[in-house]
Structure formats: structure tokens, C-alpha cells
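The residues making up each chain are set out below.
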Amino acid sequence: MNGSGEGWLGDTSGAESGLWVRGVDYMAGWRVAREAADQLNFALLLAEFEPSELRAVAATNDDGRGVVRLVGLPGAAVRLAGLLERLADGDGDAR
């Protein structure tokens, strides 16, 4: 992984690119992604991130599988990275 975030999830353009494939159930994948995004957004709120600075967004890929994208301001992404690094190091205090 090169740090850019591109490529490691595969192609996630899918339904958002406007290329819909007949017979693919995009809604089922989106619903699964929406539930995961809602759960992640709740966790982000608990970690004191505002939705205007960082949020999870549900989408689908080409074959209808759900995808969750994290979108937000660069500073919020850096803050989240710091929290995750501390958790990975066993600090325990995520704030």
C-alpha cells in the first residue's frame, strides 16, 4: 500500500460512475454498506469527529458489492490516523 488509499479496495467506481449493469442488485450492496457506514459514523461521533469534517459514505462497486468510503478534511484524516496508531501501539487511550 502506497499511502494514497488508491487501489487497495479495487475498482470502487461502480454505480457512482453511472455504469449500471442490468441484473446487478446494487441496492442490496448499498444497504449493507449503509449499515456499516452508519456504525462507523456513530463511532466517529463518539471519537468527537463532526460529520462536516469526517464521515463514512455508502456506495457500491461494479458488481454491486457494498463499499464504504471515508471522506473528509485532511486534518481530520490525520487526526484519525493518530488515534488508530495509538490504538495499534496499545496506548489504550484513543483520545
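**Q** I'd like a rundown of a nonpolar patch on the surface, residues and numbers included.
**A** On the surface, L40, V68 and L70 cluster together into a nonpolar patch covering about 200 Å² of accessible area. Secondary-structure assignment places L70 in strand β2 (residues 66–72). A relative accessible area of 42% places L70 in the partly exposed class.

**Q** Provide a residue-level description of the pattern of salt bridges, including the pertinent values.
**A** Counted under the stated rule, the structure contains three salt bridges. Across the pair D38 and R34 runs a salt bridge, and its minimum N-O distance is 3.0 Å. Here R34 and D38 lie together in helix α1 (residues 26–46), a separation of four residues that amounts to about one turn. For D38, a relative accessible area of 38% puts it in the partly exposed group. The partner of D63 in a salt bridge is R65, and the shortest N-O contact between them spans 3.1 Å. Of the residues examined, R65 reaches a relative accessible area of 54% and is grouped as exposed.

**Q** Describe α1, and please don't skip the residues or the numbers.
**A** The end-to-end C-alpha separation of α1 is 30 Å, in line with the 30 Å expected for 21 residues at 1.5 Å each. Contacts made by the buried residues of α1 are with β1 (54–60), β2 and α2 (74–88).

**Q** Go over the packing of aromatic side chains with me, naming the residues and quoting the values.
**A** Following the criterion strictly, the structure yields zero aromatic pairs and no others. Between the NZ or CZ atom of R79 and the centre of the ring of F49, over which it lies, the distance is 3.9 Å.

**Q** Any details on unusual backbone geometry? Residues and values, ideally.
**A** What you tend to see is this: most non-glycine residues have negative phi, and most peptide bonds are trans. A positive phi angle, close to 70 degrees, is found at E48, a residue other than glycine. By the secondary structure assignment, E48 is in the loop between α1 and β1.

What counts, and at which threshold
Each chain has its residues counted from 1, running along the sequence as written. Totals for whole chains, interfaces and linings use all residues, but because this is a predicted model, local features are given only for residues with pLDDT of at least 70 and pairs of side-chain atoms are given and counted only at 80 or more. Excluded from the side-chain calculations are hydrogens and water; all other atoms, namely the structure's heavy atoms, are used. Patches here: salt-bridge-free residues with over 30% relative accessible area, like charges joined within 9 Å, nonpolar side chains (Val, Leu, Ile, Met, Phe, Trp, Tyr) joined within 5 Å. Only the protein chains shown count as cover for residues, and all accessible areas are computed by the Shrake-Rupley method using a 1.4 Å probe. Any Lys or Arg side-chain nitrogen located within 4 Å of an Asp or Glu carboxyl oxygen qualifies as a salt bridge. Numbering of helices and strands runs from the N terminus; a helix is a DSSP stretch of H or I covering at least four residues, while a strand is a stretch of E covering at least two. Three labels apply to residues, based on accessible area from a 1.4 Å probe with only protein chains included: buried if under 20% of the type maximum, exposed if over 50%, partly exposed otherwise in between. In this scheme, a helix's expected span is set at 1.5 Å multiplied by one less than its residue total. We call two residues in contact whenever any of their non-hydrogen atoms come within 4.5 Å of each other. Any two rings among Phe, Tyr and Trp, with Trp reduced to its six-membered ring, count as a pair given centres within 6.5 Å; such a pair is stacked if its planes are under 30 degrees apart, edge-to-face if over 60, and tilted if neither. Ring-over charges, as used throughout, are those where CZ of Arg or NZ of Lys falls within 6 Å of the ring centre and within 35 degrees of the ring normal.

These results come straight from atomic positions and should not be treated as a statement about function.
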